[in-house]
Amino acid sequence: MMEDNKKLIEIKDLKVSFFTPAGEVKAVDGISYELGYNEVMGVVGESGSGKSVEAYSIIGLLQNPGKVIGGSITFEGEDLLAYTPEQMRQFRGNKVSMIFQNPMTCLNPVYTIGNQLMEALTVHDSKITKEEARARAIEMLEKVGINNAEKRINQYPHEFSGGMRQRAMIAMALICKPKLLIADEPTTALDVTIQAQILELMKELQKKENTSIIFITHNLGVVAEICDKVSVMYAGRIVEQAKVEDLFYNPQHPYTKGLLASQPRIDEEEPERLIPIEGTPIDLLNPPSGCNFGPRCKDCMKICLTKKPPFADLGDGHISACWLHFKDLKGKKEE
Amino acid sequence: MLLYILKRLLASVGTLLVVLAITFFLMNAVPGSPFITEKSTPEQIAAANAKYGLDKPLIVQFKNYLVSYCQGDLGVSLKMQEGTPVTDIMFHQGKFQLSIKLGLIALLVSVIIGIPLGCIAAYNRGSGLDGFLRVVTTVGVAIPGFVLATLLLVTFAVKLQWLPTISGSLDNVKAYIMPIISLSFYNTCYLAKLTRTSMLDAINQDYIRTARAKGVTTKSIVIKHALRNSLIPVITFLGPLIAGIITGSFVVESTFSIPGLGKYFVQSVLNRDYTVIMATTFVLSALVIFMNLVVDIAYKIVDPRITLSSRED
Amino acid sequence: MKEVFAKYSPFQVDPKELEEAFGLDENSFDSANESEKESMVEMHKSISYWADAWRRFKANHVSMVALGVFIVCMLFAFAGPKFVPYNYADQLRNAQKLGPMEYSKQEQQIKLIEGKCKAFYATALRPGSITALDKGNYVIKKGGKTYAFTLDQIWEDAVIMYMPSGIDAELIVVKMKDIVSDGSFITYDVVNYTDTAAEDAEELSLVKRVFPHVFGTDSSGRDSMVRTMFGARVSIIIGIIAALIVLIIGSIYGSISGLAGGTVDFIMMRIVELIYSIPEVLVVLLLQVVLKDPLQAWFDSSKNPFVKGLGDLGSGIVSIFITFALLYWVTMARIVRGQVLQLKKQEYVTAATALGASSRRIIKRHLLPNCVGQLVITTCLQIPSAIFLESFLSFLGMGVSAPMASLGSLCSDALQTISLFPYRLIFPAIILTIIVLSLNLVGDGLRDSLDPRLKK
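As the structure is a computational prediction, the values presented were derived from the model and not from experiment. (Residues numbered from 1 in each chain as written. Chains lettered and ligands numbered in written order. Predicted model: local features only at pLDDT ≥ 70, side-chain atom pairs only at ≥ 80, totals over all residues. Heavy atoms only, no water.)

A. Seen up close, the overall build of chain B. Helix and strand counts for chain B stand at 12 helices and 0 strands. The helix and strand sequence of chain B, counted from the amino end, reads α-α-α-α-α-α-α-α-α-α-α-α. Seen through its C-alpha atoms, chain B measures out along the principal axes to roughly 85 × 55 × 30 Å. Residue burial in chain B is summarised as follows: out of 313 residues, 51% are buried. When contacts within chain B are restricted to residue pairs at least 6 apart in sequence, those whose partners lie at least 24 apart make up 71%. Carbon and sulfur atoms form 68% of the exposed surface of chain B, whose accessible area is close to 13,900 Å². Here chain B contributes 26 positive and 16 negative side-chain charges, whose respective centroids are spaced 11 Å apart. (Helix = DSSP H or I, 4+ residues; strand = E, 2+ residues; numbered from the N terminus. Buried < 20%, exposed > 50% of the residue type's maximum accessible area, 1.4 Å probe, protein only. Contact = heavy atoms within 4.5 Å. Areas by Shrake-Rupley, 256 points an atom, 1.4 Å probe, with all protein chains shown as cover. Lys, Arg positive; Asp, Glu negative; His and termini not counted. Charge placed at Lys NZ, Arg CZ, Asp CG, Glu CD.)

Here's what the structure looks like:
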């Protein structure tokens, strides 16, 4: 990966808040990462950790009362946050496209699959003829493994099964050959067997079409399947980021460790007891002044209660935000 | 599709039968007969009853009605225009045509004005225009039809004298203005409110997010994606709307002295003119039931998910 | 990749910050105990469904104002008549066809007396009927004293006055024609009183001031404002009762249909569809005519006070209730059925069924509480529809029977004289519109705040 060291997208200190009647909710509180061409990054976290919000702000789909209040998003050297709404519209679906969690509700029930696929093409290419668009749509449907695409293209979403709808969604997202695909829990609403098929399909298409993917999920198993690197998010912040092998074999942040311990692993010979992470996520309306994970952390220290931890660089792109990494350092210093 | 329509038509006949049965037995539940007046002697009443077959057992009378309806005969008026065939009164005197004409124009006006207004309000949600439309439509559904009709009449016909007082036979265009406004105002406002709500509901759906993610323009999102979906609940309302226009026609026809079917029906009920009650009930119910059928077919056209055989789920 | 990350400020460990953190406290890297951990979490209170709904309703200013307006209308309708010394049925002689804020000649005269000597009291003998008094026993209670007296002649066009001080007698009768233009009167008759009231004595209330006819009076000399108040009361009661009928029948029918499923559901829904296609207004009109006589007979024969009360409203209103019970519940039934079908699939219902809970219990404990939002909204929006139906029937002359009034009957009574007395239509029509409007707005607000699907 990354023969070309050019960055596709770079996010710096992004902050997104929701201004609700109850107060400001810092859904994303200063996250930064970058993604190269043809790279797949997983974003993992529990619900409410801000992973979807972060994705929506890339593609400009944040809904009121959500607002980007700080940071920058740079896509191929262009500042996305400075785009006009019209530029943003041109950008969406063309350079970056997105697939969503629930394929049952994400397709418009009153139009045929073909109509919706072709629309994705025609909005970005006014010159394309209907026949061309149709041919592209059929080709794309075949690519995502829908048999009998010629006929299927005239069917309505309700005539498709859940897995097939998600395939159609993927076809629709990739029809304009976007450079980046954001997949927001694309397999969560599907049956396990279908999940595996869709993942397989995405992996295959990613290689074929040279698309980068930001893959949002709460399922670490899925991440292991498909991603090159992983960001673990907790309460609006990235807590650990690493290459996928590093994260699985050498997790550093207590939250990541907890996540891994709470997931079943089939590669272990002795089935281990699953250990849930105690407690509930913090209230983003009143975030603590210290580490967000502190209240649930079994290794919580006094400093964690008062100061947010900085990132420790553990080498080879592996970073982790936890005071524990600095404990030894302090020990050394005192010696 | 054809099979469905056939099935529905059959069911409609059943409904019509039930309505007629209810009407008939309700009508006859009251003791006495339409011929009782201050002066009439028992013999006269008995003679009149015998003449029009009212002395036969109820079930036979009911059967006779049905048989004659099947033959296209609506009977003769017993009281109001004694001896005149009801078909003559309804169709040749133009009552039916008049009411239908008024009703259809009012329906069209409501749809053509109401739905776009709702879209405009939803599209400009939160703006001053939206607020203004909300006030107008909410007030519009809170004014009783006869109050509006009377106010229009007094203001524009009596005080300002811009429009003719008595619309009568509706022989010029001006005569239509006030009856149509009175008949369609409530429905226009209701449709606008309904469209706005369902439009906003549609805009919050996942598929709209998908369309936005595809880069579809806002205009196209509203017109192509949201409108068609939001029309589904609006169509549901069209059935009651048609019934509502018939209700309204009673009021409007009385206020503007229009000799239409609605007014005629009320008069027949008040006069206990049995055959006319049955005949008007038959015609009006058939109309409402038929329009409901049309609405159901319109569903299928707008929403491909609805398999016509089971609308419920 | 190392360099890449080092460029971002949050990824970079600022040595200064680290120094600071290390220097903070000797024990800063010791484990924190449970209570310390807990103290840093500041969970906001989780809000119950109703509290949350109320919070959202309060945030909706339009609906709050509408609720306020509706409460004012309720006060107008239910408490208002207490403050007006007239009654909806009393026909004031010589006070017919008065405009808003006008007084009849007699009332003007009494006002003159008031103006002349402050110590005087004018009595409205029987609220509303100022000037005529039958023979009989009466009693006035004032200032801790009881004035009981007997009138052995009919006093036409006269007023009884109570004078705590002034002339030689405390209770006098003055004929209107004896009152001169400056408010004094030429002669008067002394009324002899005792302090023990006869058993059948009618108590008279003392009214110090003549109350204006704020909305004017009608052609029979009845005070329009008090009639409008009663009309609003009747309309609101009709609306609420009709809505309750719809609520009860609709929710029972709907939940049985949805819960039973299968053939039962199929048949029940065909019935609903059938009722849907019946043109309601035709049936309403027929019912009105048909039920009129039997109902009247029932009212007359019954001694039950409730039935008597219904009788006062008239057979038309009872027919409205019957119509609602027969035809109007179908929408509610459909909504409830839809909700039940949706909820039936939820796990907790499956769990309850698996635990052997009876259908009745499931309906009561699980299903109804969950569709209560929808029920409240639909019921609330049903009230205006009943008020509308009643006014429509009144227009056709089939609503409440006189002298009782409803807003609809007041409006339709006013139609005949619309060009002469437009205000007679305007006042009840405005009140009717305000009530329906505020209920609609409250209903909309309830929908926004109770329906969790619309939660943003």
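Having put the structure on the table, let's press on.
B. Representation of helix α9 (residues 280-301) of chain C within the structure. All names here are of chain C. Its 22 residues place the ends of α9 30 Å apart at the C-alpha level, agreeing with the 32 Å of an ideal helix rising 1.5 Å per residue. Most pronounced at lysine 292, the bend in α9 amounts to some 45°, and the proline proline 294 follows within four residues. Every buried residue of α9 is listed here: Val281, Leu282, Val283, Val284, Leu285, Leu286, Leu287, Gln288, Val290, Leu291, Leu295 and Phe299. (Expected span 1.5 Å × (residues − 1). Bend = angle between axes of the 7 residues up to and from the residue.)

C. Summary view of the packing of aromatic side chains. Counted according to the given criterion, the structure contains 19 aromatic pairs over all chains. For the pair A:Tyr234 and A:Phe293, a centre-to-centre distance of 5.1 Å together with 80° between the ring planes defines the contact as edge-to-face. Pair noted here: A:Tyr234 is in strand β9 (residues 229-234) and A:Phe293 is in the loop between α11 (254-261) and β11 (311-313), with a separation of 59 residues, a long-range link. Of the two residues examined, A:Tyr234 and A:Phe293, each falls in the buried class. Between B:Tyr186 and C:Phe388, the aromatic rings sit 5.9 Å apart at their centres with planes inclined by 45°, giving tilted as the arrangement. Highlighted residues: B:Tyr186 in helix α8 (residues 173-203) and C:Phe388 in helix α15 (residues 372-395), drawn from two different chains. Its relative accessible area of 30% is what places B:Tyr186 among the partly exposed residues. When the ring centre of A:Tyr111 is taken as origin, the NZ or CZ atom of B:Lys224, which lies over that ring, is 5.1 Å away. (Phe/Tyr/Trp six-rings, centres within 6.5 Å; stacked < 30°, edge-to-face > 60°. Lys NZ or Arg CZ within 6 Å of the ring centre and 35° of its normal.)

D. Representation of the interface of chain C and chain B in the model. Contact with chain C, which involves 43 residues of that partner, is made by 46 residues of chain B. Interface area for chain C against chain B, summed over the two sides, is near 3,700 Å², with a carbon-plus-sulfur share of 78%. A per-residue breakdown of the area chain C buries against chain B is headed by C:Leu282, C:Leu286 and C:Phe395, which together make up 16% of the total. Inspection of the region where chain C meets chain B yields 1 salt bridge. Across the pair C:Asp444 and B:Lys193 runs a salt bridge, and its minimum N-O distance is 3.2 Å. Connecting chain C to chain B are 1 residue pair in polar contact (both at pLDDT 80 or more). Secondary-structure elements contributing two or more residues to the side of chain C that touches chain B are α8 (262-277), α9, α12 (330-344), α15, α16 (407-415) and α17 (422-450) of chain C. At 10 residues, the largest contribution of residues to the side of chain C that touches chain B is made by α17(C). Residue classes in the side of chain C that touches chain B are distributed as 29 nonpolar, 7 polar and 7 charged. (Buried area = accessible area lost by both parts, 1.4 Å probe. Salt bridge = Lys/Arg side-chain N within 4 Å of Asp/Glu carboxyl O. Polar contact = N/O pair within 3.5 Å; in protein donor to acceptor, adjacent residues only side chain to side chain. Nonpolar A, V, L, I, M, F, W, Y, C, P; charged D, E, K, R; others polar.)

E. Highlighting the packing of helix α7 (residues 145-159) of chain B against α17(C). Their axes nearest at 11 Å, the elements α7(B) and α17(C) cross at an angle of 145°. Where α7(B) crosses over α17(C), the handedness of that crossing is left-handed. In this structure, α7(B) uses B:Val147, B:Thr150 and B:Leu151 to contact α17(C), whose residues at the interface are C:Leu425, C:Ile426 and C:Ala429. The residue makeup of the contact of α7(B) with α17(C), split by class, is 5 nonpolar, 1 polar and no charged. (Axes fitted to C-alpha atoms, helices over the stretch in contact; angles between N-to-C directions. Left-handed = near helix turned anticlockwise from the far one by under 90°.)

F. Region of interest: the pattern of salt bridges. On inspection of all chains with the given rule, the structure shows 19 salt bridges over all chains. Across the pair A:Arg89 and A:Glu86 runs a salt bridge whose closest N-O atoms are separated by 2.9 Å. With a gap of 3 residues between them, A:Arg89 and A:Glu86 both fall in helix α2 (residues 85-91), about one helical turn apart. Judged by its relative accessible area of 9%, A:Arg89 is buried. The class for A:Glu86 is partly exposed, based on a relative accessible area of 42%. Of the charged contacts, one joins C:Arg337 and C:Asp265 as a salt bridge, the two residues approaching to 2.7 Å between their closest N and O atoms. Of the two residues, C:Arg337 sits in helix α12 while C:Asp265 sits in helix α8, which places them 72 residues apart along the sequence. A relative accessible area of 5% means that C:Arg337 is categorised as buried. When salt bridges with common partners are traced through the structure, they connect A:Arg136, A:Glu139, A:Lys143, A:Lys177 and A:Glu209 into a single cluster.

G. Quick peek at a nonpolar patch on the surface. Taken together, the side chains of B:Leu151, C:Val65, C:Val69, C:Ile426, C:Ile430 and C:Ile434 define a hydrophobic patch exposed on the protein surface, amounting to about 420 Å² of accessible area. Listed by contribution, the elements that provide at least two residues to the nonpolar patch are α5 (61-78) and α17 of chain C. Among the elements that make up the nonpolar patch, the one with the highest residue count is α17(C) (3 residues). Mapped onto the secondary structure, C:Val65 falls in helix α5. (Patch = residues over 30% accessible without salt bridge, like charges linked within 9 Å, V, L, I, M, F, W, Y side chains within 5 Å.)

H. Local environment of the nonpolar core. In this structure, B:Phe250, C:Leu285 and C:Ile435 are the most contacted members of the largest nonpolar core, which totals 130 residues. Looking at this core, the element that brings in the most residues is helix α7 (residues 224-260) of chain C, giving 14 residues. For C:Leu285, the residues in contact, after removing those within four places along its chain, are B:Phe250, B:Phe265, B:Val266, B:Val269, C:Leu393, C:Leu396 and C:Met398. Counting 113 residues, the second-largest nonpolar core is a separate cluster that includes A:Leu8, A:Ala55, A:Phe91 and A:Ala168. (Core = buried A, V, L, I, M, F, W, Y, C linked by side-chain atoms within 4.5 Å.)

I. Focus on the environment of C:Leu341. Take C:Leu341: it is sitting in helix α12. A sequence separation of 73 residues divides C:Leu341 from C:Met268, and the C-alpha atoms of the two residues are 14 Å apart.

J. Expanded view of the pairing of strand β6 (residues 96-99) of chain A. Residues and elements named next belong to chain A. Burial along β6 is two-sided: Val96 and Met98 facing one way and Ser97 and Ile99 facing the other are all buried. Of the strand pairs in this sheet, β6 and strand β7 (residues 180-184) are connected by 4 bridges, and their pairing is parallel. Following the sheet pairing, serine 97 is matched in β7 by leucine 181. (Pairing = 2+ DSSP bridges.)

K. The arrangement of the sheet that holds strand β5 (residues 78-79) of chain A in detail. Residues and elements named next belong to chain A. With antiparallel pairing, the 4 strands of this open sheet are ordered in space as β2-β1-β4-β5. Here the strands that pair on one side only, and so sit at the sheet edges, are β2 (23-36) and β5. As paired strands, strand β1 (residues 7-20) and strand β4 (residues 66-75) are joined by 8 bridges and run antiparallel to one another. Each residue of the ladder has a partner; that of phenylalanine 18, found in β4, is glycine 66.

L. Local environment of the environment of A:Glu209. Residues and elements named next belong to chain A. Tracing the chain through its elements places glutamate 209 in helix α8 (residues 192-209). According to the relative accessible area criterion, glutamate 209 is buried, its value standing at 16%. For the pair glutamate 209 and valine 53, spaced 156 residues apart in sequence, the C-alpha separation works out to 26 Å. If we skip the residues at most four places from it in the chain, glutamate 209 touches Lys143, Leu174 and Lys177. A distance of 2.8 Å separates a polar atom in the side chain of glutamate 209 from a polar atom in the side chain of lysine 143.

M. A look at the packing of helix α3 (residues 58-70) of chain B against helix α12 (residues 274-302) of chain B. All names here are of chain B. Following both chains from N to C, one finds α3 and α12 inclined at 50°, their axes separated by 12 Å at the closest point. One element, α3, and the other, α12, form an angle in the oblique class. Relative to α12, α3 is oriented so that their crossing is right-handed. Touching Phe62, Tyr65 and Tyr69 of α3 are Tyr274, Thr275, Met278, Ala279 and Phe282, all from α12. In terms of residue class, the contact of α3 with α12 is made up of 7 nonpolar, 1 polar and no charged. (Parallel < 35°, antiparallel > 145°, perpendicular 65-115°, else oblique.)

N. Representation of the side chain of A:Gln116. Structurally, A:Gln116 can be placed in helix α4 (residues 113-122). Looking at A:Gln116, the relative accessible area reads 3%, which means it is buried. Polar side-chain contacts of A:Gln116 include one of 3.1 Å to the backbone oxygen of A:Tyr111. Those residues within four positions of A:Gln116 in sequence are excluded, and the remaining contacts are A:Leu107, A:Asn108, A:Tyr111, A:Pro157, A:Met172 and B:Lys214.

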